[in-house]
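Each chain is listed here by its residues.
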Amino acid sequence: MTTTAVCGLQWGDEGKGKLVTRLAENHKFVVRYQGGGNAGHTVYVDGKKIVLHHLPSGVVAKGTTCLLMPGMVINPVTVLEELEEVKALGFDTVGRIWISNRAQITAVYHRSLDQKRESGEGVIKIGTTGRGIGNTYADKAMRFGVRACDLLDPDSLFELVQSSLVQKNLQLTAWGEEEFDPQVVTEELLNQGRQLEPYITDTSMQLVNAIEKGDSILFEGAQAAMLDLDMGTYPYVTSSTCLPGGISAGCGVNVGRVGKVIGVAKAYCTRVGLGGFPTEELGDAATHMRDVGGEYGSTTGRPRRCGWFDTHAVRVMVRLGQIDGICLTKLDVLSGLDEIKLSVGYENWSQEGLPASHREFDVLKPKYLSFKGFDADLSSCKTVDEFPQAARDFIKAVEEHSGVPVRYISTGPKTDQLIDRGA
Ligand code: IMP
């Protein structure tokens, strides 16, 4: 049995979608186990760009079966739109894409509360995507979350929505917002449930069957290690376990040791939302990365903060995630810069891990190695030997300081612009 996992090593948007699309060609099942509509995976089908939020990027590889597991939070409105988009591109959906009956449902009130809280006075702002992610996971933990199975059961649904809205409506009215009518919300969700019914099933049993049969399975992580609820830069994180440790819990299945775990990292680093970013750049180099790399959020359109690759942070995440190899993306974006920097530790932090306190993390001062820039079109290179010496030196230093080989290098947005250096 082949099992592979793909996980982001920075703050998301590393370009995981492209690697997953490529790897999915050799896997029967593609599985998403955490997160929801906050994700934005850009993939290309016959030159056409499509941004996926809930559906795994592996959906565009023909012949795959896609499972959305209990650890996910699903916004029925967005997922229905995505299903339509994928169908319009000629892919089968019914019988091929499955949503766990235990997955949590993001309703209109979750989004509203998320957005309201983020715009409120006197509260810690996270810079969320405004998709109601944290609020949905909070309801799950409080045990009045609506799950996909409830969308198919009018009585249970009304009871859950009504009980969930008791507190939420009090909060919303205290903020000067309109209340939600449980009857109206229930009707909307039931309507969405009727459309989603062919997709809703017990995906955990499907996964167990696949494991027992020895089928090949690709686990597709969303967000990234530095946004992991426990090990990321808390509280400026998302509300799920993004590190590979979250796979078993998110699937409801002990998947065992995954065969190969690939961590995806950009040749530089970006972050959307708030929170510390020790290697953040504010000058011309950042403008270059943002403009050339198209660093604008695929879910929210927000400009991404840009900075240099941080090997200490990546090394920590590589070790926590037991990563076997890195997929280094967007190296081509650095072409044209006079100087490229690589952070190899911090002047004011000498411990093995990262500070747990965001106040300590915020003031880390990176120690940089400086590399000569290069000016070359990497996109047509088929091997790393064809790269300029400066680019090769940079890759070698990334490997040395991150403590893991660079297995794949992405040299452009197209699926075939990916160099596989072998195991
Ligand atoms: P939330 O997941 O919407 O609650 O947002 C929490 C934090 O995670 C914010 O900093 C978001 O910008 C960030 N975030 C969530 N999803 C993604 C993603 O797919 N890519 C990059 N950042 C993300």
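Structure's up top.
Residues numbered from 1 in each chain as written. Predicted model: local features only at pLDDT ≥ 70, side-chain atom pairs only at ≥ 80, totals over all residues. Heavy atoms only, no water.

Undergrad: Talk me through empty space enclosed by the protein; I want residue IDs and the actual numbers.
TA: Inspection of every chain in the model, using the stated rule, returns two cavities of 30 Å³ or more. What the largest cavity holds in volume is close to 50 Å³. In terms of lining, the largest cavity is formed by Leu9, Gln10, Trp11, Met226, Cys269, Asp310, Ala313 and Val314. Here the lining of the largest cavity is built from residues that sort into six nonpolar, one polar and one charged. Of the voids in this model, the second largest cavity is the one considered here, and its volume is about 40 Å³. Lining of the second largest cavity is provided by Gly37, His54, Val73, Ile74, Asn75, Thr78, Thr106, Arg131 and Ile133. Counted by class, the lining of the second largest cavity contains three nonpolar, five polar and one charged residues. (1 Å grid on protein atoms, 1.4 Å probe; cavity = no way out; pocket = protein on both sides within 12 Å on 5 of 7 lines; lining within 4 Å. Points joined across faces, edges and corners; volume = space filled by probe spheres on them. Nonpolar A, V, L, I, M, F, W, Y, C, P; charged D, E, K, R; others polar.)

Undergrad: So what's going on with the sheet that holds strand β11 (residues 260–266)? Residues and values would help.
TA: The sheet built from ten strands is open, its strands ordered β9-β7-β5-β2-β10-β1-β11-β14-β17-β18 with mixed pairing. The open sheet has two edge strands with one neighbour each: β9 (200–201) and β18 (418–420). Across four bridges, strand β2 (residues 29–32) lies against strand β5 (residues 65–68) in parallel orientation. In the strand pairing of β5, Arg32 is matched with Leu68. Across the sheet, helix α12 (residues 389–402) lies against β14 (325–329) and β17 (406–410), angled at about 140° from β17, the strand it touches most. (Pairing = 2+ DSSP bridges. Helix = DSSP H or I, 4+ residues; strand = E, 2+ residues; numbered from the N terminus. Contact = heavy atoms within 4.5 Å. Axes fitted to C-alpha atoms, helices over the stretch in contact; angles between N-to-C directions.)

Undergrad: Quick one: what's the story with the layout of surface pockets, residue by residue and with numbers?
TA: Of the volumes computed, that of the second largest pocket is approximately 280 Å³. If you go around the second largest pocket, you meet 17 residues; those closest to its centre are Met231, Val316, Gly353, Leu354 and Pro355. Put simply, the parts of the chain that give the lining of the second largest pocket at least two residues each are α10 (311–320) and α11 (358–362). Of the residues forming the lining of the second largest pocket, the biggest block, four residues, is contributed by α10. Among the residues making up the lining of the second largest pocket, the classes are represented as nine nonpolar, five polar and three charged.

Undergrad: An account of the sheet that holds strand β13 (residues 305–310) is requested, with residue identities and associated values reported.
TA: Across a sheet, paired strands are connected by hydrogen bonds in the backbone, their directions being either parallel or antiparallel. Strand order across the open sheet formed by four strands is β12-β13-β15-β16, with mixed pairing between neighbours. Both edges of this open sheet fall to β12 (268–271) and β16 (366–372), since each of them pairs with a single strand only. The mean angle between the axes of side-by-side strands here comes to 45°, regardless of whether they run parallel or antiparallel. Across two bridges, β13 lies against strand β15 (residues 339–346) in parallel orientation. Note on β15: the bridge partner recorded for Asp310 is Ser343. Running over the sheet, helix α9 (residues 284–293) touches β12 and β13 and is turned about 105° from β13.

Undergrad: I'd like a rundown of the pairing of strand β4 (residues 48–52), residues and numbers included.
TA: Bridge count for strand β3 (residues 41–45) against β4 is five bridges, and the pairing is antiparallel. Across the sheet, Tyr44 pairs through a bridge with Lys49, a residue of β4. Count of turn residues in the β3/β4 antiparallel hairpin: two residues, of which Asp46 carries a positive phi of about 45°.

Undergrad: Report on the site of the ligand, specifying residues and quantitative values.
TA: Around the ligand, the structure places 17 residues, and the nearest of them are Asp13, Asn38, Thr129, Thr238 and Arg302. Side-chain polar atom of Asp13 to a nitrogen atom of the ligand: 3.2 Å apart, as the coordinates give it. With the chains in place, 96% of the 470 Å² that the ligand exposes on its own is no longer accessible. (Near = heavy atom within 4 Å. Polar contact = N/O pair within 3.5 Å; in protein donor to acceptor, adjacent residues only side chain to side chain. Areas by Shrake-Rupley, 256 points an atom, 1.4 Å probe, with all protein chains shown as cover.)

Undergrad: Outline the environment of Ser163, listing residues and values.
TA: Tracing the sequence through the fold places Ser163 in helix α5 (residues 154–174). Between the C-alpha atoms of Ser163 and Thr270, which are 107 residues apart in sequence, the distance is 40 Å.

Undergrad: Quick rundown of the pairing of β11? Include the residues and the values.
TA: For a regular strand, side chains alternate in direction, first toward one face of the sheet and then toward the other. The buried fraction of β11 is high, at six of seven residues. Two strands pair when backbone bridges link them, and strand β1 (residues 3–8) and β11 are joined in this way by five bridges, in the parallel orientation. Following the sheet pairing, Cys7 is matched in β11 by Gly263. Relative to β14, β11 runs parallel, the two being bridged by five bridges. The residue of β14 that forms the bridge with Val264 is Cys327. (Buried < 20%, exposed > 50% of the residue type's maximum accessible area, 1.4 Å probe, protein only.)

The quantities given are spatial measurements derived from coordinates; they are silent on function.
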